[in-house]
Amino acid sequence: MRFSLFSLLDVYDNEARTSAAIYQQTLEQIVRADELGFDSYWIGEHHSYLKPDQLLACPNPAILLAAAAKLTQRIGLNTAVANLSLRHPLQIAEDYALVDLLSQGRLGLGIGRGSFAHEYAAIGQDAASSSGRFEESWDILQQLWRGESVTFQGRYYHLENAKLNVTPVQQPCPRHWFSAIKEDSFATRGRAAQPIISLPHLSAQSFAGLGKLVEDHRSHYLAAGGNGESYELPLILYTFVAPTRAEALHTAVDALRRYMEYQHPGSHEHITHIIHHLKEQKLLWFGTPGDLIDVIEQFQASIDNRHFVFWSDFGGLQPELVLRSMQLIAQEVLPHFAVRAS
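What counts and what doesn't
- Residues numbered from 1 in each chain as written.
- Predicted model: local features only at pLDDT ≥ 70, side-chain atom pairs only at ≥ 80, totals over all residues.
- Heavy atoms only, no water.
- Helix = DSSP H or I, 4+ residues; strand = E, 2+ residues; numbered from the N terminus.
- Rg over C-alpha atoms; globule rule 2.2 N^0.38 Å.
- Buried < 20%, exposed > 50% of the residue type's maximum accessible area, 1.4 Å probe, protein only.
- Contact = heavy atoms within 4.5 Å.
- Areas by Shrake-Rupley, 256 points an atom, 1.4 Å probe, with all protein chains shown as cover.
- Core = buried A, V, L, I, M, F, W, Y, C linked by side-chain atoms within 4.5 Å.
- Pairing = 2+ DSSP bridges.
- Phe/Tyr/Trp six-rings, centres within 6.5 Å; stacked < 30°, edge-to-face > 60°.
- Salt bridge = Lys/Arg side-chain N within 4 Å of Asp/Glu carboxyl O.
- Polar contact = N/O pair within 3.5 Å; in protein donor to acceptor, adjacent residues only side chain to side chain.
- Axes fitted to C-alpha atoms, helices over the stretch in contact; angles between N-to-C directions.
- Parallel < 35°, antiparallel > 145°, perpendicular 65-115°, else oblique.
- Left-handed = near helix turned anticlockwise from the far one by under 90°.
- Expected span 1.5 Å × (residues − 1).

A separate point is the overall build of the protein chain. Per the secondary structure count, the protein chain includes 12 helices and 14 strands. In terms of overall size, the protein chain behaves like a compact globule, its C-alpha atoms giving a radius of gyration of 20 Å where 342 residues would be expected to give roughly 20 Å. Taking all 342 residues of the protein chain together, the buried fraction comes to 55%. Nonlocal contacts in the protein chain, meaning residues at least 24 apart in sequence, comprise 74% of its contacts between residues at least 6 apart. Accessible surface, the protein chain as shown: approximately 14500 Å² in total, 51% of it carbon and sulfur.

Given below as structure tokens:
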């Protein structure tokens with residue numbers, strides 16, 4: 001079992017935190033996660049404003065992960081996800097090769113093409129072209145990371161004898177996962193023996209539905225020749241742990257409601273219904289360390305994904321509360337599963 005952390009670095013104009021402060025706080029979280037024994041820390045990539053009062057503040061995770069590389073010793077430095085459709089693949093290949101080099105092979109790439117049309121509009125691209133751009137970019141990236149001289153004439157990208165001046169430590173390619181949100185993506189990626197990462201609250205309507213999606217991917221992945229021993233499917237779940245269940249629910253639900261007001265537009269009643277449904281379906285992990293142990297065990301009994309990613313920093317939660325939640329998980333939850341594994 002692997003246990004990791006995730007952040008989108010969401011910042012709100014009506015709060016005291018500046019963008020500079022959230023970068024520093026995120027670096028502090030990554031350093032603390034390294035000390036506490038988490039497997040990896042994942043960061044999302046976003047551009048421009050979704051709405052005037054909210055900013056997802058990491059346009060290039062490679063820069064932040066490069067800073068984290070020099071402050072940490074062992075933790076994986078991951079993206080969830082790096083958008084392969086918005087920037088030139090040569091630039092992407094250079095940036096992440098440098099992160100892998102600086103971290104001595106600790107880079108992990110969750111890759112995708114994003115879901116916000118405003119990000120494509122901001123740079124003058126048509127979101128409808130994102131799929132084709134993604135596939136061309138991924139083809140080019142793999143060749144560049146192997147150190148090859150690349151000539152490529154595609155619909156969107158054209159390279160002539162391009163070669164990286166820095167290549168990643170991990171060869172022939174850094175560890176990676178494809179983003180899977182839509183139902184058919186699980187089976188499609190599985191048939192191609194491609195590893196995936198997912199957000200259950202966007203992909204599944206229920207706990208049982210999530211189990212089916214994971215099994216769809218796993219069965220096709222193994223049938224296509226994927227390695228069963230190293231198989232994992234990281235699932236990102238909203239998680240907040242406190243000494244009491246009442247405190248965890250009160251604090252985290254308020255923060256999640258704030259986040260969802262921007263990300264999932266709707267009335268207060270609609271958002272409240274979404275939160276209640278997620279909790280009912282075990283897709284919202286707010287409670288005590290014991291509550292978290294219970295829900296993870298329920299997942300283990302039904303879903304063979306092997307990697308949980310705790311989304312513990314959202315909605316402007318106070319940094320000290322995020323750090324406390326991380327510490328409670330590390331001290332009281334992770335040892336429980338380490339003992340069981342041994």
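Another point: the nonpolar core. Counting 113 residues, the largest nonpolar core has Phe38, Trp145, Ile296, Phe299 and Phe310 as the members making the most contacts within it. Per element, the largest residue contribution to this core is 9 residues, and it comes from helix H12 (residues 319-341). Non-local contacts of Phe299, meaning those with residues more than four positions away in its chain, are made with Phe207, Leu210, Leu235, Leu237, Lys282, Leu283, Trp285 and Phe308.

With that settled, the discussion passes to the pairing of strand E9 (residues 158-162). Across 3 bridges, strand E8 (residues 150-153) lies against E9 in antiparallel orientation. Looking at the pairing, Gln153 lines up with His158 of E9. What sits between the antiparallel neighbours E8 and E9 is a turn of 4 residues.

Let us now look at the packing of aromatic side chains. What the rule picks out here adds up to 20 aromatic pairs. Their ring planes at 70 degrees and their centres at 5.5 Å tell us that Tyr238 and Phe314 sit as a pair that is edge-to-face. Of this pair, Tyr238 sits in strand E12 (residues 235-241) while Phe314 sits in the loop between strand E14 (307-313) and H12, placing them 76 residues apart in sequence. In this pair, the class of Tyr238 matches that of Phe314, namely buried. A ring pair is formed by Trp285 and Phe310, whose centres lie 6.3 Å apart and whose planes are at 55 degrees; its orientation type is tilted. Taken as a pair, Trp285 in strand E13 (residues 284-287) and Phe310 in strand E14 lie far apart in primary sequence, 25 residues in all. Taken individually, Trp285 and Phe310 each receive the classification buried, so the pair is uniform in this respect.

This part is about the pattern of salt bridges. Summed over the entire model, instances satisfying the criterion amount to 13 salt bridges. In this structure, Arg74 engages Asp34 in a salt bridge whose closest nitrogen and oxygen atoms are separated by 3.3 Å. With Arg74 in the loop between helix H2 (61-69) and strand E6 (76-83) and Asp34 in helix H1 (residues 19-36), this pair connects stretches of sequence that are 40 residues apart. For Arg74, a relative accessible area of 39% corresponds to the partly exposed category. Of the residues examined, Asp34 reaches a relative accessible area of 10% and is grouped as buried.

Further remarks concern the environment of Arg87. When you line up the elements, Arg87 lands in the loop between E6 and helix H3 (89-102). In this structure Arg87 touches Asn60, Ile92, Asp95 and Tyr157, once residues within four positions along its chain are discounted. Here Asp95 takes part through its side chain, which lies 2.7 Å from a polar atom of the side chain of Arg87.

Hydrogen bonds between backbone atoms are what pair the strands of a sheet, whose relative direction is either parallel or antiparallel. Spatial strand order, E2-E5-E4: 3 strands in an open sheet with antiparallel pairing. Here the strands that pair on one side only, and so sit at the sheet edges, are strand E2 (10-12) and strand E4 (49-51). The sheet shows a mean angle of 30 degrees between the axes of neighbouring strands, direction not considered. With 3 bridges joining them, E2 and strand E5 (residues 54-56) adopt antiparallel strand pairing. Counterpart to Asp10 in the pairing with E5 is Leu56.

Strands sit in the order E11-E10-E7-E6-E3-E1-E14-E12-E13 across an open sheet of 9 strands; the sheet is parallel. At either end of the open sheet lies a strand with only one pairing partner, and these are strand E11 (196-197) and E13. Pairing analysis gives 4 bridges linking strand E3 (residues 40-43) to E6, with the strands arranged parallel. The residue of E6 that forms the bridge with Ile43 is Thr79. Strands in contact with H1 are strand E1 (2-7), E3, E6 and E14; relative to E3, the strand with the most contacts, it is inclined by about 155 degrees.

What follows deals with the packing of H1 against H2. For the pair H1 and H2, the least separation of the axes is 10 Å and the interaxial angle reads 50 degrees. Classed by the angle they form, the pair H1 and H2 counts as oblique. Every pair of crossing elements has a handedness; the one defined by H1 and H2 is right-handed. On H2, the residues touching Tyr23, Thr26, Leu27 and Ile30 of H1 are Leu64, Ala67 and Ala68.

With 14 residues, helix H11 (residues 289-302) ought to run about 20 Å at 1.5 Å a step, and its terminal C-alpha atoms sit 20 Å apart, in line with that. Of the positions making up H11, those classed as buried are Pro289, Asp291, Leu292, Ile293, Val295, Ile296 and Phe299.

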